[in-house]
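So you can see what is in the structure, the chains are spelled out below.
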2 protein chains.
Amino acid sequence: MAEYMVALRKLEEQFARLEGVGRKSATRMAFAVLEMENEAAEEFANAILEAKRSIHLCPVCQNMTDRELCPVCSDLYRDHSVICVVTDVKAVMAMERVKDFRGVYHVLHGVISPMNRVTPEQLKIKELLTRLEDDTVKEIILATNADIEGNATAMYLAHLIKPLGIKVTRLAYGIPVGADLNYADEYTLMQALEGRRDM
Amino acid sequence: MAEYMVALRKLEEQFARLEGVGRKSATRMAFAVLEMENEAAEEFANAILEAKRSIHLCPVCQNMTDRELCPVCSDLYRDHSVICVVTDVKAVMAMERVKDFRGVYHVLHGVISPMNRVTPEQLKIKELLTRLEDDTVKEIILATNADIEGNATAMYLAHLIKPLGIKVTRLAYGIPVGADLNYADEYTLMQALEGRRDM
């Protein structure tokens, strides 16, 4: 039957495009949409458009926000002299759950990866360097994942930033090598924060 | 951060509403949408609306279709005197994969379930009885699942249809082909025993 319904196949494809959604799950979700009331489906479609419309990158830290500046960058009680550099927005959320960290963030939106053809120019590194120009930043904490690409990106950044006379540290103990920061528990993250070392 | 972005939370909720999608998956999918290009997100939203707009229930068998009649009901080479009654649209797809069945379908869109407050009136039973009025139907195959609610629904339908002088059959339930007897659950074994045949 499905082969006759173009619109169903197209909807399945849309779901299947999402990270981590397999073909069977995509079919299940497409059917769930078809079984919704019309109003519920419209709400769903609007939620997609509204999220895209209202959420953009914070011009300072490149985190996602629906305000002019993100809540961290606009928070005067945070320590703006310490910048924690992370790979993606989910990593900011993971760090924020720790509550111990009072500095601010910078989101790279990726890691340097020759395999996936990601060059430093494609990451938000220019924007990070611009933030370092006003001499108020004292420390950069590199919190990329502890895998090969995350380490390489950290090394690359350390080489760029250390000559500016800014302290550069790296998250350390607790994050298992090869693991994704987003799946680290809060205790492990806290340990990693405390054990950060000069690079 | 997420707590500040209403639109992100709303989109997460939309994904979490879909059958079988947990909270973490919903968050992951919502982020995937945010990371899409604007055009891709619009395409996604449109796919939802277009699927809802173009796909409706076949007025005869209640299967989903984007045509006036579904392909099975409009196929003159199918045997319209044999109707296989199934619980949902996915069951039609499962049956169609077998290719052996040349009859037509009727989709109930649920099972009778006092637990979930589903009464016979909420199912497409009226529509099934209407199809039986023109005296061309010779057999009804009840293909609801072999669980308590599926069996109760089959019993209910058999009681309604048999007095009309139409043959009513039920799919054979038992040990799946190729399965190990030792791993069959008791209920399945009981069904298999009850349905035993002379050799």
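As a reminder, the structure under discussion sits directly above these lines.
Worth saying up front: this structure is predicted, and the values here are computed from it rather than measured.

> Is there a simple way to think about the packing of aromatic side chains in this case?
The relation between two aromatic rings is expressed through the spacing of the ring centres and the mutual angle of the planes. With the rule as written, the count across this model stands at seven aromatic pairs over all chains. For the ring pair Phe101 of chain B and Tyr105 of chain B, a centre distance of 5.3 Å and an interplane angle of 55 degrees mean the geometry is tilted. In this pair, the class of Phe101 of chain B matches that of Tyr105 of chain B, namely buried. Ring pairs connect the aromatic residues Phe15 and Phe44 of chain A together with Phe15 and Phe44 of chain B, which therefore count as one cluster.

> Explanation requested: the packing of helix H1 (residues 6-17) of chain A against helix H3 (residues 38-54) of chain B in the structure shown.
Helix-helix packing is characterised by the crossing angle of the two axes and by the distance between the axes. As a packed pair, H1 of chain A and H3 of chain B sit with axes 9 Å apart at the nearest point and diverge in direction by 145 degrees. Between H1 of chain A and H3 of chain B the crossing geometry is left-handed. Residues Ala7, Lys10, Leu11, Gln14, Phe15 and Arg17 of chain A of H1 of chain A touch H3 of chain B, and the partners they reach there are Ala40, Glu43, Phe44, Ala47, Ile48, Glu50, Ala51 and Ser54 of chain B. Its residues placed into classes, the contact of H1 of chain A with H3 of chain B shows eight nonpolar, two polar and four charged.

> What am I meant to see in helix H3 (residues 38-54) of chain A here?
Helical geometry: 3.6 residues make up each α-helical turn, so side chains three or four residues apart lie on a common side. Here H3 of chain A is 17 residues long and its end C-alpha atoms lie 24 Å apart, about the 24 Å a rise of 1.5 Å per residue gives. Looking only at H3 of chain A, the buried set comprises Ala40, Ala41, Phe44, Ala45, Ala47, Ile48, Ala51, Lys52 and Ser54 of chain A.

> Explanation requested: the interface of chain A and chain B in the structure shown.
Where interface size is given, it is often the accessible area lost as the parts come together that is meant. Across the boundary between the two partners, chain A contributes 52 residues, which contact 52 residues of chain B. Summing both sides of the interface, chain A and chain B together bury roughly 4900 Å²; the carbon and sulfur share of this comes to 75%. Applying the counting rule to chain A against chain B returns two salt bridges. Summed over the shared surface of chain A and chain B, the number is nine residue pairs in polar contact (both at pLDDT 80 or more). The set of elements that each furnish at least two residues to the side of chain A that touches chain B consists of H1, helix H2 (23-34), H3, strand S2 (64-65) and helix H4 (89-98) of chain A. Broken down by element, the side of chain A that touches chain B gets its largest block of residues, 14 residues, from H3 of chain A. Broken down by class, the residue content of the side of chain A that touches chain B amounts to 32 nonpolar, six polar and 14 charged.

Each value, and the rule that gives it
- Per-chain numbering applies: the sequence of each chain, read as written, is numbered from 1 onward.
- Chain letters start at A and ligand numbers start at 1, both assigned in the order the entries are written.
- Given that this is a predicted model, residues contribute local features only at a pLDDT of at least 70 and side-chain atom pairs are listed and counted only at 80 or more, while totals for whole chains, interfaces and linings are drawn from all residues.
- Hydrogens and water are ignored here; the side-chain numbers use all heavy atoms of the structure.
- Aromatic rings from Phe, Tyr and Trp, taking only the six-membered ring of Trp, are treated as a pair when their centres fall within 6.5 Å; an angle between ring planes under 30 degrees marks them as stacked, one over 60 as edge-to-face, and anything in between as tilted.
- Type-normalised accessible area, obtained with a 1.4 Å probe on protein chains alone, sets the label of each residue: buried when under 20%, exposed when over 50%, and partly exposed for intermediate values.
- Angles here are taken between N-to-C directions and fall from 0 to 180 degrees, while the axes themselves are lines fitted to C-alpha atoms, restricted in helices to the stretch in contact.
- The numbering of helices and of strands both runs from the N terminus, where a helix is a DSSP run of H or I of at least 4 residues and a strand a run of E of at least 2.
- Left-handed describes a crossing whose near helix is turned anticlockwise from the far helix by less than a right angle; the clockwise case is right-handed.
- In what follows, a contact means two residues having at least one pair of non-hydrogen atoms within 4.5 Å.
- Only Asp, Glu, Lys and Arg are considered charged in this grouping, and only Ala, Val, Leu, Ile, Met, Phe, Trp, Tyr, Cys and Pro are considered nonpolar; every other residue, Gly among them, is considered polar.
- Each helix should span, by expectation, one fewer than its residue count multiplied by 1.5 Å.
- Once two parts are put together, the accessible area they lose, assessed with a 1.4 Å probe and summed over both, is termed the buried area.
- Salt bridges are identified by distance alone: a Lys or Arg side-chain nitrogen within 4 Å of an Asp or Glu carboxyl oxygen.
- Here a polar contact is taken to be a pair of N or O atoms separated by no more than 3.5 Å, where protein atoms must pair a possible hydrogen donor with a possible acceptor and residues adjacent in sequence count only if both atoms sit in side chains.

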